[in-house]
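# What the coordinates show
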Amino acid sequence: MNFMRISNNHLVVIAAGFLLIYGCSKNSSSADYPIHPVPFTAVKLTDNFWAPRIKKNATVTIPIAFGYCESTGRVKNFEIAGGLDTGKFQTIYPFDDSDVYKIIEGASFSLQTYPDPKLEAYLDTLIWKIGLAQEDDGYLYTNRTIAEMHGGLGLHNWASINRWELDSILSHELYNLGHLYEAAVAHYQATGKRTLLDIAIKSADLVNRDFGWDREKVYPGHQVIEMGLVKLYRTTGERKYLDLARFFLDVRGPKGQPYNQAQIKPVDQTEAVGHAVRATYMYSGMADIAAIENDDGYLNAITKIWEDIVYSKMYITGGIGATGGNEGFADPFVLPNMSAYCETCASIGDIFTNERLFLLHGQAKYIDILEKTLYNAMLSGVSLSADRFFYPNPLESEGQHERSAWFGCACCPSNIARFVPAIPGYIYAVTGKELYVNLFISNDANIEVGSNMINISQKADFPWDGKVEISVNPEKNEKFDLKIRIPGWAMNEALPGGLYKFKDQNNEPIKILINGKVLENTTSVDGYAIISRNWKSGDRVEIDFPMPVRTVVADERVKEDIDKIAIQRGPVIYCAEWPDNNSGNILNLVVKSDAGFTTEYVPSLLGGAQVIRTSGFQTKKALNGEIEKLNEEALTLIPYALWNNRGAGQMMVWLPVSPLSARPLPAPTIARRSKIRASKMTNAIKAVNDQFEPESSNDHSVSYYHWWPDKDKWEWIEYDFVKPEPISKVMVYWFDDGPEGGCKIPDEWEILYLNGNIWEPVKGKSPYKVTKDSWDSLSFIPVKASAIKIKVKLNKDYSSGIYEWVVE
Ligand SMILES: [Zn+2]
């Protein structure tokens, strides 16, 4: 190691990390990204926003995530496959191995900031078990290994009898391995131990023997191995892993499913389609290949795809993947708020992609997206307590959304566990003569620029305040460029491309001072203020980014956001949430467009947060259908990412400015006045009498209730009336997202009413009909009832759902 001249231990570790990531191994080609990230190990956070979150990730998230891996049987799967225990495959999915790998990756990152001998010893044991579960030739996939111990019984139906055969569909054999390789590199860098790395190499050598143009020509059904192999290449210097990564990209498509981006060759793709996590992992792998192999084909493809996402498929929070059916991208400008999918993993994947595009091009717009996603869509994925997680991150809620402690499919918590410790690695980047400052977070870092070691520190109170103080202390006085990112939001650009725009221009200047003097003649290129000078120890740069409250409007093609505004301050997107507003009713609010905003830091709220205050009024639907305006009231907005830390309830990011775009409180109809019960009680039951009518049976902008994953059985919903009511008609609107989703209109339905203590069928004036995309109504001989029940027969292969059930 050539960095021993640095006496400080901390710096030696840093240098080692850097060497490993951008390795100078003699076998590897020197080509890689033209800009190098500064690893998180070189950057010590001293701020009040991220540092406490990273600590909680270490003390809460990682321990509970390993706890769930133990209690759900994920670890036991390795023990059984390794012969330490007996039994069948313990968990639901064949990709459950990947959660263990991802948390090992997170724990390895975490160890570098918070050394913990107990955790390191736990990893040693876990890795030993993984090694035992690996078959002699390197194959590692606990589901198959365990099934083979039972004569093939228990092999997941996503996997084929033959290894790899169904990987392009759902077996996830290569997906697990991609996460294994990433974990192995992280563990090696953190501890210097080769244990997991050797397991990964043995596995990758098998994959290299089995796959190739003259061998198995299967592409990964869920991408990630591409990125994992590139990391393995950088760490070992073995070119074959890089070639294998490229093979897995080149062998993909055409004529496969858009769901996993195999509809055409990746190099020919121009649009973001399908499953958003798969997509972003693939784009990140393509960027790696574009950088290392200087490949214009992949470069052009990801540039066009990036434009497609940012110009037409991204939420104001930075979230991507609008629809749940494919866990992925919808058509351009289709961005429903309440049903927004915005999977936490997709936000993390998009951060990976944008970081790589920045390292390729050095343009600030990529970090603008990264920062937006980081402070909003990604951060929403984890609670303040760090032990509850969102899978989808919607922009609107009736109260049906709530973070969970864990998921059967646990990709999101395990992704949070590994991503959060690495956040300091996104602050800086370097070339031989440039030092990029990309994010503004208080920290102290030691970074090598050319042959000079620069100590740089930031003092900032981001994201609440726009003032940043940067101290630059080079080891020797030398000229280099300090490139300070000027965020789009400070330059009147809400999002590159104009999908979202600030309603008004803000002309407050951005001030940059150097050693107390206003900096003249700064050049600005690609979104960076470039300060080119002979730096000496003690130099100080001060920046003041104005952070007024900004009003954002969406492109008019985003139907859901018409006549609505979003509120942004700095990089933070705001929302209205139930606890801050008297009645708890949020969705019926209309904000006054001329009300003005004030802002205040409230230390006692949500761990300390800058809130925004304005005013609005509630709206209510009358029985005749007219919308009434209620009294004006004060309105407090909180950062979107901090919602749902005080219980489930209503929340809204896009705020109506007209009663016509609001969701008025429902009229006091019979259905509305009833108590609802159902064969399956979930939060979503509120949808059936909320009086929101969908445009079709697959309209994700309106909430619905469903029985998924149940099928082939009778289910029911019941309205209990306060007092017996005369009734003579019902109307029902079915939810149907088939054949891609799991719900279809039911086979049949029936209405019963409670007559005294007896449920009796109503006498319909016409036969029951089951219709998609419109109301089904049934008039019947009038009865006086104390309750009414709808019984629904689910299809043999599909579940069903209901948007609205009206009783007259
Ligand atoms: Zn996920």
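Overview of the structure. Please read these numbers as outputs of a predicted model, since none were measured by experiment.

### Digging into the overall build of the chain
For the chain, the count of helices and strands is 16 helices and 31 strands. In terms of C-alpha radius of gyration, the chain reaches 28 Å, essentially the compact-globule figure of 28 Å for 808 residues. Its C-alpha atoms put the chain at 90 × 70 × 50 Å along the principal axes. A burial count over the chain gives 61% of its 808 residues as buried. Long-range contacts, defined as pairs at least 24 residues apart, comprise 71% of the intrachain contacts of the chain with a sequence gap of at least 6. Surface exposure of the chain reaches about 30100 Å², of which carbon and sulfur atoms provide 51%. Computed over 83 positive and 100 negative side-chain charges, the separation of the two mean positions in the chain equals 2 Å.

### Digging into helix α9 (residues 225-236)
Compared with the 16 Å implied by 1.5 Å per residue over twelve residues, the 16 Å span of α9 between its first and last C-alpha is a close match. For α9, the buried fraction is high: eleven of the twelve residues fall into the buried class. Along α9, the residues that are buried comprise Ile225, Glu226, Met227, Gly228, Leu229, Val230, Leu232, Tyr233, Arg234, Thr235 and Thr236. In the segment just after α9, Gly237 is the residue with positive phi, at about 75 degrees.

### Things to note about the pattern of salt bridges
According to the stated counting rule, one finds 46 salt bridges in the structure shown. Note that Lys796 and Asp797 form a salt bridge whose closest N and O atoms lie 3.6 Å from each other. Here the salt bridges do not stand alone but share partners, grouping Arg239, Asp243, Arg246, Asp250, Glu293 and Asp295 into one network.

### What to know about the side chain of Asp308
Among the structural elements, Asp308 can be located in helix α12 (residues 296-312). Judged by relative accessible area, Asp308 falls into the buried class, the value being 13%. Within the structure, Asp308 has its side chain in polar contact with the backbone nitrogen of Ala272 (distance 2.8 Å). Asp308 has contacts with Thr270, Glu271, Ala272 and Lys313, leaving out every residue within four places of it along the chain.

### A short note on the layout of surface pockets
Taken as a whole, the second largest pocket spans an internal volume of roughly 770 Å³. The residue makeup of the lining of the second largest pocket, split by class, is 14 nonpolar, six polar and ten charged.

### Quick word on the sheet that holds strand β11 (residues 511-514)
The strand order across the open sheet formed by seven strands is β2-β6-β7-β8-β15-β11-β12, and the pairing between neighbours is antiparallel. The two strands at the open ends of the sheet, each matched to only one other strand, are β2 (43-45) and β12 (517-518). Where β11 lies against strand β15 (residues 539-544), four bridges are found, and the strand directions are antiparallel. Paired with Ile514 across the strands is Val541, a residue of β15.

### Points about the coordination of the zinc ion
Surrounding the zinc ion are the protein donor atoms Glu343 (OE), Cys345 (SG), Cys411 (SG) and Cys412 (SG), which sit 2.0 to 2.3 Å from the metal. Each of the four donor atoms bound to the zinc ion contributes to angles spanning 99 to 119 degrees, and the resulting shape is tetrahedral. Sequence positions of the donors to the zinc ion reduce to the motif E-x1-C-x65-C-C. With Cys345 in helix α13 (residues 344-361) and Cys411 in helix α15 (residues 411-419), this residue pair connects regions lying 66 residues apart in the sequence. Both residues of the pair, Cys345 and Cys411, belong to the buried class.

### Topic: the sheet that holds strand β9 (residues 478-485)
Spatially, six strands are ordered β1-β4-β5-β9-β14-β13 in an open sheet, and the strand pairing comes out mixed. At either margin of the open sheet sits one strand with a lone partner, and together these are β1 (36-37) and β13 (523-525). Alignment of strand β5 (residues 434-437) against β9, held across four bridges, turns out to be parallel. Within the sheet, the bridge partner assigned to Leu435 lies in β9 and is Leu482.

### Points about a nonpolar patch on the surface
On the surface, a cluster of nonpolar side chains totalling about 290 Å² of accessible area is made up of Leu84, Trp128 and Leu132. Examined against the element boundaries, Trp128 turns out to sit in helix α5 (residues 117-133).

### Some remarks on empty space enclosed by the protein
On inspection of all chains with the given rule, the structure shows five cavities of 30 Å³ or more. Counted as a void, the second largest cavity has a volume near 90 Å³. The wall of the second largest cavity is formed by Asp368, Ile369, Glu371, Lys372, Arg485, Gly488, Trp489, Glu493, Ala494, Leu495, Pro496 and Gln568. Counting residues per element, the lining of the second largest cavity draws most heavily on helix α14 (residues 364-378), which supplies four residues. Considered class by class, the residues forming the lining of the second largest cavity number five nonpolar, two polar and five charged.

### Some points on the side chain of Lys483
Mapping Lys483 onto the fold places it in strand β9. For Lys483, a relative accessible area of 9% corresponds to the buried category. In this view, Lys483 contacts Glu434, Leu435, Tyr436, Val437, Tyr528, Ala529 and Ile530; residues no more than four positions away in its chain are not counted.

### Points about the environment of Leu45
By secondary structure assignment, the location of Leu45 is in strand β2. When the C-alpha atoms of Leu45 and Gln458 are compared, they prove to be 9.2 Å apart, with 413 residues separating the residues in sequence. When neighbours within four sequence positions are excluded, Leu45 is seen to be in contact with Trp50, Ala51, Ile54, Pro424, Ile427, Ile441, Ser442 and Asn443.

### Structural notes on the packing of helix α3 (residues 74-81) against α5
Where α3 meets α5, the closest approach of the two axes is 7 Å, and the angle between their N-to-C directions is 50 degrees. Taken together, the axes of α3 and α5 are oblique relative to one another. The interaxial crossing formed by α3 with α5 has left-handed handedness. Contacts from Val75, Phe78, Glu79 and Ala81 of α3 reach α5 at Tyr122, Leu126, Lys129, Ile130, Leu132 and Ala133. By residue class, the composition of the contact of α3 with α5 is eight nonpolar, no polar and two charged.

### Side note on the packing of aromatic side chains
One pass over the full model with this rule turns up 46 aromatic pairs. Judged by centre distance (4.8 Å) and plane angle (80 degrees), the rings of Trp749 and Tyr768 are edge-to-face. Of the two residues, Trp749 is situated in strand β28 (residues 748-755) and Tyr768 in the loop between β29 (758-761) and β30 (776-793); the sequence distance between them amounts to 19 residues. Directly above the ring of Phe502 sits Arg550, whose terminal nitrogen or CZ lies 4.1 Å from the centroid. In this structure, Arg663 is placed above the aromatic ring of Phe692, and the distance from its NZ or CZ to the ring centre is 4.9 Å.

### Some points on helix α2 (residues 50-71)
Across its 22 residues, α2 extends 30 Å between first and last C-alpha, which sits within 8% of the 32 Å expected from 1.5 Å per residue. Along α2, the largest kink reaches about 40 degrees and is centred on Asn57. Tucked into the core, α2 has its buried residues touching β2, α3, α4 (96-113), α5, α14 and α15. The first or second residue beyond α2 is Gly73, which carries a positive phi of 100 degrees.

### Notes on the pairing of strand β22 (residues 627-639)
Where strand β18 (residues 572-577) meets β22, three bridges bridge the pair, whose relative direction is antiparallel. Within β22, the position partnered with Ala576 by the bridge is Leu637. Taken together, the nine bridges between strand β21 (residues 609-621) and β22 define a ladder with antiparallel strand orientation. Bridging from a neighbouring strand, Ser615 pairs with Ala634 of β22. Counting the residues between successive antiparallel strands, the hairpin from β21 to β22 contains five residues, one of them, Gly625, with a positive phi of roughly 95 degrees.

### Side note on unusual backbone geometry
Cis peptide bonds are those with omega within 30 degrees of zero, and the linkage from Phe462 to Pro463 qualifies with 0 degrees. Tracing the backbone shows Pro463 in the loop between β7 (452-460) and β8 (467-474). With omega at 5 degrees, the peptide bond leading from Trp708 into Pro709 counts as cis. Its location among the elements puts Pro709 in the loop between β26 (705-706) and β27 (714-735). Positive phi is not limited to glycine here, since Phe333 has a value of about 70 degrees. Locating Phe333 in the fold gives a position in the loop between α12 and α13.

What counts and how
Residues numbered from 1 in each chain as written. Predicted model: local features only at pLDDT ≥ 70, side-chain atom pairs only at ≥ 80, totals over all residues. Heavy atoms only, no water. Helix = DSSP H or I, 4+ residues; strand = E, 2+ residues; numbered from the N terminus. Rg over C-alpha atoms; globule rule 2.2 N^0.38 Å. Buried < 20%, exposed > 50% of the residue type's maximum accessible area, 1.4 Å probe, protein only. Contact = heavy atoms within 4.5 Å. Areas by Shrake-Rupley, 256 points an atom, 1.4 Å probe, with all protein chains shown as cover. Lys, Arg positive; Asp, Glu negative; His and termini not counted. Charge placed at Lys NZ, Arg CZ, Asp CG, Glu CD. Expected span 1.5 Å × (residues − 1). Salt bridge = Lys/Arg side-chain N within 4 Å of Asp/Glu carboxyl O. Polar contact = N/O pair within 3.5 Å; in protein donor to acceptor, adjacent residues only side chain to side chain. 1 Å grid on protein atoms, 1.4 Å probe; cavity = no way out; pocket = protein on both sides within 12 Å on 5 of 7 lines; lining within 4 Å. Points joined across faces, edges and corners; volume = space filled by probe spheres on them. Nonpolar A, V, L, I, M, F, W, Y, C, P; charged D, E, K, R; others polar. Pairing = 2+ DSSP bridges. Donors = N, O, S within 2.8 Å, 3.2 Å for Na, K, Ca; no water. Tetrahedral: all angles 85-135°; square planar, octahedral: opposite > 155°, others 65-115°. Patch = residues over 30% accessible without salt bridge, like charges linked within 9 Å, V, L, I, M, F, W, Y side chains within 5 Å. Axes fitted to C-alpha atoms, helices over the stretch in contact; angles between N-to-C directions. Parallel < 35°, antiparallel > 145°, perpendicular 65-115°, else oblique. Left-handed = near helix turned anticlockwise from the far one by under 90°. Phe/Tyr/Trp six-rings, centres within 6.5 Å; stacked < 30°, edge-to-face > 60°. Lys NZ or Arg CZ within 6 Å of the ring centre and 35° of its normal. Bend = angle between axes of the 7 residues up to and from the residue.

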